[in-house]
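So the chains spell out like this:
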Amino acid sequence: MKITDAKVFVGGPGKNYVTLKIMTDQGVYGLGDATLNNRETLPAAYLRDYLIPNLIGMDPRRSEDIWQFFYRGAYFRRGPIAMAAFGAIDMALWDIKGKLANMPVYDLLGGKSREAALVYAHATGADLPDLMDSIARYIEQGYKAVRVQCGIPGMPTASYAVPDETGSTGDYITDFSGIRPKVEIWDTDRYLRFMPAALADIRDRFGPDLKILHDVHHRLLPREAAAFAKAVEPVGLYWLEDPTPGEDQEALRLIRQHATTPIAIGEVFNSIFDCNRLIENELIDFIRIAVTYAGGITHARRIVDLAGLHHVRTGFHGAPSHSPISMAAQHHINAWAPNFGIQEYLVLGTPECDALFPSEHRLEDGLFHVSDAPGLGVDFDEAEAARYAYQPGSHPVVRLEDGTLWNY
Ligand code: CS2
Ligand code: MG
């Protein structure tokens, strides 16, 4: 069996999804997602210029050898662009494998360990009452877990994942007005004075059963993060995410020494070598990698297995930048992984998105039910894809009030 061709599409409804389609001489095709948010053209170019010409003629069933060939063959290892491109190929090869076997990918991994998987939604508010309304709406829809992000009184601009004003909605990650980033201003003192009490109010209002998550988005220094994690202990968070930037892994030890609040990190990691020490030293509770830029199912599975040895559960990244293809790949791992924790979930299911990526996957009552269709269980409509083109966009950058550049 041979790979005969592969194509890359960039575009989608409100997002630059990077979709890979691998064709074979047996008529079976596989789909992968290489979307690297706000840098989408780069994995697309790597695929088109180097990986696809090498892929043609290979046996698609040999997904392990193909992964090793590209990873080791690159010589310059790791990095999100390369790992996203390898990840898309890998997902597509598992999709093909499942279609050949007439089995959903979760069965190839070892079968279902649960009937459905817990997900969390993103609640956000310009201020605390606005956030409370947003949380209440998700609870009404059946969600059992909600990430809560709130505007901070006196903060010069809206901060990560909160609207500028009450009731406004929109894409808080990507600004599509061009590739020059807009600037957010951050003030740690105001955040630290406000947020612990806001989280306590949320717990009081919604009671003990709601799973509450909060994303600091890399903004604190290690000592500040340790103090914050300790201050919010009585709230009983499900997790505190990215309290400090991922590069300084010793910072996680300081947080651990001071607080029992569960820590989630890893959405910017792309290799097992970014997190093996954190996992082995049991400095985190949830690993946040994504199959997209952590090298596909083949590599993500290795991280999940290592995590399982150390009581670290999965909490895969699921920002709206992931297409339904990589989300499906994650849902198959979630159905199988013995150490599954939770899945970040944003409703992609607009009519436009469903038309582009038809599938039988479904969310019901805050739980995700993975489709039993062979492979990943998502299709890609090329006629629909022709409606979209790449639109340049960017993440904001963050500065302190005196102009110092900070962490987005
Ligand atoms: C995030 C992301 O979902 C999350 O937890 O931190 O929204 C992140 O900001 C984006 O994926 C960046 O592209
Ligand atoms: Mg995050």
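Analysis parameters
Residues numbered from 1 in each chain as written. Chains lettered and ligands numbered in written order. Predicted model: local features only at pLDDT ≥ 70, side-chain atom pairs only at ≥ 80, totals over all residues. Heavy atoms only, no water. Helix = DSSP H or I, 4+ residues; strand = E, 2+ residues; numbered from the N terminus. Rg over C-alpha atoms; globule rule 2.2 N^0.38 Å. Buried < 20%, exposed > 50% of the residue type's maximum accessible area, 1.4 Å probe, protein only. Contact = heavy atoms within 4.5 Å. Areas by Shrake-Rupley, 256 points an atom, 1.4 Å probe, with all protein chains shown as cover. Lys, Arg positive; Asp, Glu negative; His and termini not counted. Charge placed at Lys NZ, Arg CZ, Asp CG, Glu CD. Salt bridge = Lys/Arg side-chain N within 4 Å of Asp/Glu carboxyl O. Polar contact = N/O pair within 3.5 Å; in protein donor to acceptor, adjacent residues only side chain to side chain. Pairing = 2+ DSSP bridges. Phe/Tyr/Trp six-rings, centres within 6.5 Å; stacked < 30°, edge-to-face > 60°. Lys NZ or Arg CZ within 6 Å of the ring centre and 35° of its normal. Axes fitted to C-alpha atoms, helices over the stretch in contact; angles between N-to-C directions. Donors = N, O, S within 2.8 Å, 3.2 Å for Na, K, Ca; no water. Near = heavy atom within 4 Å. Nonpolar A, V, L, I, M, F, W, Y, C, P; charged D, E, K, R; others polar.

Engineer: Sorry if this is basic, but what is going on with the overall build of the chain here?
Structural biologist: Assigned secondary structure in the chain consists of 13 helices and 16 strands. A compact globule built from 408 residues should have a C-alpha radius of gyration of about 22 Å, and the chain, at 21 Å, falls within 12% of that. Viewed in the frame of its principal axes, the chain has a C-alpha envelope of about 60 × 45 × 45 Å. Looking at the chain as a whole, 59% of its 408 residues qualify as buried. Partitioning the intrachain contacts of the chain with sequence separation of at least 6 by distance along the chain shows that 74% fall at a separation of at least 24. When the accessible surface of the chain is summed, it comes to about 16,300 Å², and 51% of that surface belongs to carbon and sulfur atoms. Positive and negative side-chain charges of the chain, numbering 38 and 53 respectively, have mean locations separated by a distance of 4 Å.

Engineer: Is there a simple way to explain the side chain of Asp175 in this structure?
Structural biologist: Counting through the fold element by element, Asp175 comes out in the loop between strand S5 (145–150) and strand S6 (183–186). Within the buried core, Asp175 has no salt-bridge partner, and the shortest N-O distance to an opposite charge, that of Lys182, equals 5.2 Å. A distance of 2.8 Å separates polar atoms of two side chains, one belonging to Asp175 and the other to Ser177.

Engineer: Can you walk me through the sheet that holds strand S15 (residues 397–400) in this structure?
Structural biologist: What holds strands together in a sheet is hydrogen bonding between their backbones, with the strands either parallel or antiparallel. Spatially, three strands are ordered S6-S15-S16 in an open sheet, and the strand pairing comes out mixed. The open sheet has two free edges, formed respectively by S6 and strand S16 (405–406), since each of these has just one partner strand. Across four bridges, S6 lies against S15 in parallel orientation. Its bridge partner being in S15, Trp186 is matched across the sheet by Leu400.

Engineer: Looking at this structure, I do not really get the packing of aromatic side chains. What am I missing?
Structural biologist: Aromatic rings considered in pairs are described by the distance between their centres and by the relative angle of their planes. Taken as a whole and assessed by the stated rule, the structure comprises 18 aromatic pairs. A centroid spacing of 6.0 Å and a plane angle of 75° characterise the contact between Tyr160 and Tyr408, whose relative ring orientation is edge-to-face. Of this pair, Tyr160 sits in the loop between S5 and S6 while Tyr408 sits in the segment after S16, and the two are 248 residues apart along the sequence. Judged by its relative accessible area of 18%, Tyr408 falls in the buried class. Pairwise contacts between aromatic rings join Tyr46, Tyr50, Phe69, Phe70 and Phe86 into one cluster. The ring of Tyr29 has Lys99 sitting right over it, with the charged end atom 4.3 Å from the ring centre. Looking at Arg219, its charged tip hangs above the ring of Trp186, at a distance of 5.0 Å from the centre.

Engineer: What's the story with the sheet that holds strand S3 (residues 29–33) in this structure? I'm lost.
Structural biologist: Strand order in this open sheet of three strands is S1-S2-S3, and the pairing throughout is antiparallel. Unpaired on one side and paired on the other, strand S1 (3–10) and S3 mark the two borders of the sheet. Each strand axis lies, on average, 20° off the axis of its neighbour in the sheet, ignoring direction. Where S1 and strand S2 (residues 18–24) come together, seven bridges link them in antiparallel fashion. Looking across to S2, one finds that Ala6 is bridged to Ile22. In the packing of helix H1 (residues 41–55) onto the sheet, contacts are made with S1 and S2, and the angle to S1 comes to roughly 175°.

Engineer: I'm lost on the coordination of the magnesium ion (ligand 2) in this one. Help?
Structural biologist: Put simply, a metal with four donors set out as a tetrahedron has ideal angles of 109.5 degrees, and one with six donors set out as an octahedron has ideal angles of 90 or 180 degrees. At this site the magnesium ion (ligand 2) is bound by Asp215 (OD), Glu241 (OE) and Glu267 (OE), with donor distances of 1.9 to 2.2 Å. Taken in chain order, the donor set of the magnesium ion (ligand 2) reads D-x25-E-x25-E. Linking Asp215 in strand S7 (residues 211–215) with Glu241 in strand S8 (residues 239–241), this pair joins segments that are 26 residues apart in sequence.

Engineer: Help me understand the site of ligand 1, please; the structure alone is not making it clear to me.
Structural biologist: The environment of ligand 1 is made up of 15 residues, and the closest members are His217, Glu241, Glu267, Glu344 and His395. Within the side chain of His395, a nitrogen or oxygen atom sits 2.6 Å from an oxygen atom of ligand 1. Protein chains shield 94% of the accessible area of ligand 1, which is 340 Å² for the free molecule. In terms of residue class, the shell around ligand 1 is built from four nonpolar, five polar and six charged.

Coordinates in, geometry out; function isn't part of it.
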